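Report on the structure
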Amino acid sequence: MNRDNSVEQDLDLLAGLAAKLLATPIATITLYDHDTENECATTRKVSHTAVACDAGWAANNPDIDIAQLGSPRSAMTQHLGLYASVPLRNGDGSTIGMVACADDEARDLTDNELGVLKHITALASAVIHA
């Protein structure tokens, strides 16, 4: 991406690109800091979330917790019409984040759109590891 930008700025640009290419009002790129475990569940601490969100959509959907889109399990409880995500992986295959898009209108991503989401994820991974 741009050598003058920070990793966070580049991820913000990629989130905006994902939202535009997928024609969704929101796209996020979430990076996990680390996992913490207790008796009940494993939770992920978030170190950064890049968000591209249409302001009008956000105003019409105040009950949607954008921060939860980085966790598919939490995102599914928000009654979204569309939620799609692809995990960001480290070199060892461990999940280090999530790239997601969402909308309140129900639809499935086409194969091409899913490919775009995967490509954005690959770009985000390259930015992180550069």
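Residues numbered from 1 in each chain as written. Predicted model: local features only at pLDDT ≥ 70, side-chain atom pairs only at ≥ 80, totals over all residues. Heavy atoms only, no water.

**A look at the overall build of the chain**
For the chain, the helix and strand inventory stands at 4 helices and 4 strands. Seen in sequence order, the chain has helices and strands lined up from the N terminus as α-β-β-α-α-β-β-α. Each of the 130 residues in the chain was classed as buried or not, and the buried ones make up 37%. Sequence separation of at least 24 residues holds for 52% of the intrachain contacts in the chain that already meet a minimum separation of 6. (Helix = DSSP H or I, 4+ residues; strand = E, 2+ residues; numbered from the N terminus. Buried < 20%, exposed > 50% of the residue type's maximum accessible area, 1.4 Å probe, protein only. Contact = heavy atoms within 4.5 Å.)

**Side note on the environment of L13**
For L13, the position within the fold is in helix α1 (residues 7–22). For the pair L13 and V51, spaced 38 residues apart in sequence, the C-alpha to C-alpha distance is 9.0 Å.

**Observations regarding the pattern of salt bridges**
Opposite charge on two side chains allows them to pair when their charged atoms are near. Taken as a whole and judged by the stated rule, the model has 1 salt bridge. Note that E113 is salt-bridged to R107, the shortest N-O span being 3.1 Å. With a relative accessible area of 16%, E113 lands in the buried category. We classify R107 as partly exposed; its relative accessible area is 27%. (Salt bridge = Lys/Arg side-chain N within 4 Å of Asp/Glu carboxyl O.)

**Digging into the nonpolar core**
Ranked by size, the top nonpolar core spans 23 residues in total, and within it L11, L14, I29, L88 and L117 carry the most contacts. The set of elements that each furnish at least two residues to this core consists of α1, β1 (26–37), β2 (42–53), β3 (82–89), β4 (95–103) and α4 (111–129). Broken down by element, this core gets its largest block of residues, 6 residues, from α1. In terms of nonpolar packing, the next biggest core, distinct from the first, is built from 11 residues, I26, I64, A75 and M98 among them. (Core = buried A, V, L, I, M, F, W, Y, C linked by side-chain atoms within 4.5 Å.)

**Details of the confidence of the model for the chain**
Mean pLDDT over the chain stands at 87; residues scoring 70 or higher make up 89%. For residues 36–41, every residue scores under 50 in pLDDT, and the model assigns this stretch 5 contacts once sequence neighbours within four places are set aside. (pLDDT = per-residue confidence, 0-100.)

**A closer look at the side chain of T28**
Note on placement: T28 falls in strand β1. T28 gets classed as buried once you look at its relative accessible area, which sits at 1%. Discounting chain neighbours no more than four positions away, the residues touching T28 are T49, A50, V51, I66, L69, G70, M98, V99 and A100.

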